[in-house]
Each structure stands twice: as C-alpha cells, then as structure tokens.
Amino acid sequence: MTTAVIVDAIRTPGGKRNGSLSGWHPADLAAETLRALVDRNDLDPALVEDVIMGCVMQAGAQALNIGRNAVLAAGFPESVPATSIDRQCGSSQQAAHFAAQAVMAGVHDVVIAAGVEVMSLVPMGASVSKNVGFPFGPRMEARYAEAGGLVPQGISAEIIADRWDLSREDLDAYGARSQQRAATARDEGRFEREILAVAAKPRDKETGELIRSDATLTADEGIRDTTTADTLANLKPAFKPDGKITAGNSSQITDGASALLVMSEEKAAQLGLTPRARFHSFALAGVDPVTMLTGPIPATQKILDKSGLSMDDIDLVEINEAFASVVLAWEKELHPDMDKVNVNGGAIALGHPLGASGTKLMATLLNELERTGGRYGLQTMCEGGGLANATIIERLG
C-alpha cells in the first residue's frame, strides 16, 4: 500500500467573532491558505489532483462548493478540481482522511485537505431553512423521543458533565488551563511555523460594512492571558440557568481557514520535498445524537485497537475542546497523561472555526511533534449528530 505523507500544514490565526477576519469572504480566506501552501513548497498547483475542503455551514457565502470557489480564488489552474464536505466539526479532519486514503489507494499522488469557516458572516444554523422544516425528520425525532428528544450541543455538554460527575470547578479549571497554555505557546513562538499572517479585514457588526484597516493579523485573537479559574467562576451558565457550561469552558466562535498538503511518499521524493509525517491509522465512531459529544471515547478506543498502540505510546494528543466536559469525560475513560494533551491550549482559547478545525489541529499536532521530538500524535474530535474522527500520525525525520 502506498504511504501517504504530510508535506506541510498551514492555518490562519483564529479571528474572534466580529473581529479581524470577519470581513473576509470565506472563499478568499481559504484561498490564502491554498496559495501559501503551494508557494512555500514551490509546488506547481497544476499537480494538485483534488482539493477536499471541510465546511459546516454551506450556505450564503459558503454555498455552491466553497472548495472549488477557493481553488479558483487562489489562482490555481481551472483544471484543479475540488469538493466540499460536511462531517460537522470534524469536516476537515475527514478531508484529511479522504486525501490520505486516496493517496494510499493509489488513486492520487497530490491532494490538499483544507477547511474554512467565517462564522461572523455565516453563523451557526445558517444552513437550516425554516421554510422547509428542520433537518431531523419525523422518524428520527420519534426514535429519540423516549430519551427526551434531540437537544442542542450545549445541553449535550451539560448531560455529559452530569453523567461523568464533572463539577463546575472542574470545567472552569480546564478552561483556565487552555487559556494559560495557549498564551505560553504564543509567547514562546510555538505557532509561528503553522500560522499564515493575513490582512485584517474587520466588519462593522451593526452595518455589515468593511472597516478600513492596514493591520495584519499574526496571532490568535481569542487568547485571554489573564484568565483564571476564579475569573471564569463569575460567568453565568450559557445553556440552562442551573448549568455548568459557560462561555469560559466552551469553544469560541471563530473565523479561520487551514490546509494540509498530502502526497505519496514517492511523489514527494520525486519533487524534492521532505515529508514531515505519515498517516498511521484512522477511525470513526458513532454515538447517540442526544449525548452526541462522547464520540471521541469510542473513536480513540477503536484507533488504538486498529493501530496496535496504547495511550502510553502516544506522545501528544489534540482533542478538540468543543466543551471542557467533552475532554474531561474522555480523560476519565481513557486515562491519558494530561501533560501530553492539548499542550498548547485548545479551542476554548484558540477558537473553533468549525470546518477549519480538523486541519488546524493537525497543523498544531505536527508542529508540536517536531518541536518536542515525539513520534506518534493522536487527534480526535466530537461532531454534531453523535460522530467522531480519530487520526494517528507518525513524525518522520
């Protein structure tokens, strides 16, 4: 079987809601990462056989195959195809799976996996039409009626906190840890190789008009350096009056894009490019769509079984911080060394630009493996509807 390798990984900084990236058109923002990926590897974009782009809210400015629109906006030849996929929060992690699997199957030699979400412009829920009913049909709703019915993700996060006996103090402590680790990583320059600086294009949130700016965004906007568990304790619950989930222990609404250059090992050698990691193992999992966010638990168990590795063999873990309860429930079941988990912070501090988060986390995982000399990295992510992806990569060199 052909070995699929990662040649490069890149992401924009995370722009906070109505912040410095809110004025970007999603196709243009994604194009920035595509263009930079080929430019910094001196790669003829005509060699790219497919671009697979994750995007969750494929409506408005993100409709009509955002992947293809980004490819054309990047100035790639018209011959370069692209598609857009939606596996909810794991969309671009799934894009990476599809890209690697196409290479491993011998179908393609050069593929870009990518993702984008400008949540300030295309908010969550934008793809749901109120005119034709919600996406859950009567049969699906009836199936889960006895379980209390389908609920929003915030309520799922509350259910998880209760089921795994997680206190508000536990959740806030984790939220503070994410912020503190992200601030340290930023200050130590750990994100420099993966972050693509882009022009700031803020938009007036009241009028929607672009605000003139000559600034460049070079770092994630969501990091709050002074955050402590005590300051988070002052926040009100976000989803129910007596709840534990707050804005401080949940992921941030974020604008961003990311991209991963995937090749066959042979093609990389032919082009004189040095692979940085190889795809080792893949797994998917499904869980009930009410609790919904527990998928990383079985996904991690499945990928460890498939790979023949144990948690002790894993040098670093990136698990998406959709909510602190997701990570802490996963910890209780898998018993990892938490000093290896989200060492540079996560979505609570750095943001969660939905469709872009998968390849964004992959960029961070790859760079941190290189910085620390680790061999195996695990990435996993909960996804709407009760799904999860898991990926293990192996650093090369």
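Because the structure is a prediction, the values reported are computed rather than measured.

Looking at the pairing of strand 1 (residues 4-11)
- By the criterion of burial, strand 1 is predominantly enclosed, with eight of the eight residues buried.
- As paired elements, strand 1 and strand 8 (residues 254-264) share seven bridges and run antiparallel to each other. By the bridge assignment, Arg-11 is partnered in strand 8 with Ser-258.
- In this sheet, strand 9 (residues 277-286) lies alongside strand 1 in antiparallel orientation, the contact comprising two bridges. Each residue of the ladder has a partner; that of Ile-6, found in strand 9, is Ala-277.

A few points about the pattern of salt bridges
- All told, the structure shown has 16 salt bridges when counted by the stated rule.
- Here Arg-168 and Asp-172 are joined by a salt bridge, their closest N and O atoms 2.7 Å apart. Here the residue Arg-168 and the residue Asp-172 both occupy positions in helix 6 (residues 168-187), the gap between them amounting to four residues, near one helical turn.
- Relative accessible area serves as the criterion here: at 17%, Arg-168 is assigned to the buried category.
- Relative accessible area serves as the criterion here: at 3%, Asp-172 is assigned to the buried category.
- For Arg-190, the salt bridge identified is with Glu-188, shortest N-O distance 2.8 Å.

Quick notes on the pairing of strand 10 (residues 316-319)
- Both faces of strand 10 are covered, namely the face carrying Leu-316 and Glu-318 and the face carrying Val-317 and Ile-319.
- Note: strand 10 against strand 11 (residues 376-383), four bridges, orientation parallel. Note that in strand 11 the partner of Ile-319 across the bridge is Thr-380.

A few points about helix 6
- With 20 residues, helix 6 should reach 28 Å at 1.5 Å per residue; the first-to-last C-alpha distance of 29 Å fits that figure.
- Positive backbone phi, at 75°, marks Gly-189, one or two positions downstream of helix 6.

A short note on unusual backbone geometry
- Not every positive phi belongs to a glycine, and His-335 is a case in point at roughly 55°.
- With respect to the element layout, His-335 can be found in the loop between helix 10 (324-334) and helix 11 (347-350).
- Even without a glycine there, the phi angle at Asn-342 is positive, about 45°.
- As for its placement among the helices and strands, Asn-342 is situated in the loop between helix 10 and helix 11.

Here we look at the environment of Arg-35
- Following the sequence through the fold, Arg-35 ends up in helix 1 (residues 26-39).
- For the pair Arg-35 and Pro-45, spaced 10 residues apart in sequence, the C-alpha to C-alpha distance is 8.5 Å.

A look at the packing of aromatic side chains
- Per the counting criterion, the structure on display carries two aromatic pairs.
- When the ring of Phe-239 is compared with that of Phe-323, the centres are 6.1 Å apart and the planes differ by 75°; the resulting orientation is edge-to-face. Pair noted here: Phe-239 is in the loop between helix 7 (229-232) and strand 8 and Phe-323 is in the loop between strand 10 and helix 10, with a separation of 84 residues, a long-range link.
- Phe-239 sits in the partly exposed class, given a relative accessible area of 37%.
- On the basis of relative accessibility, which here comes to 7%, the residue Phe-323 falls in the buried class.
- Consider the rings of Phe-279 and Phe-282, whose centres lie 5.8 Å apart with planes at 20°: the pair is stacked.

Cut-offs used in this document
- Residues numbered from 1 in each chain as written.
- Predicted model: local features only at pLDDT ≥ 70, side-chain atom pairs only at ≥ 80, totals over all residues.
- Heavy atoms only, no water.
- Buried < 20%, exposed > 50% of the residue type's maximum accessible area, 1.4 Å probe, protein only.
- Helix = DSSP H or I, 4+ residues; strand = E, 2+ residues; numbered from the N terminus.
- Pairing = 2+ DSSP bridges.
- Salt bridge = Lys/Arg side-chain N within 4 Å of Asp/Glu carboxyl O.
- Expected span 1.5 Å × (residues − 1).
- Phe/Tyr/Trp six-rings, centres within 6.5 Å; stacked < 30°, edge-to-face > 60°.

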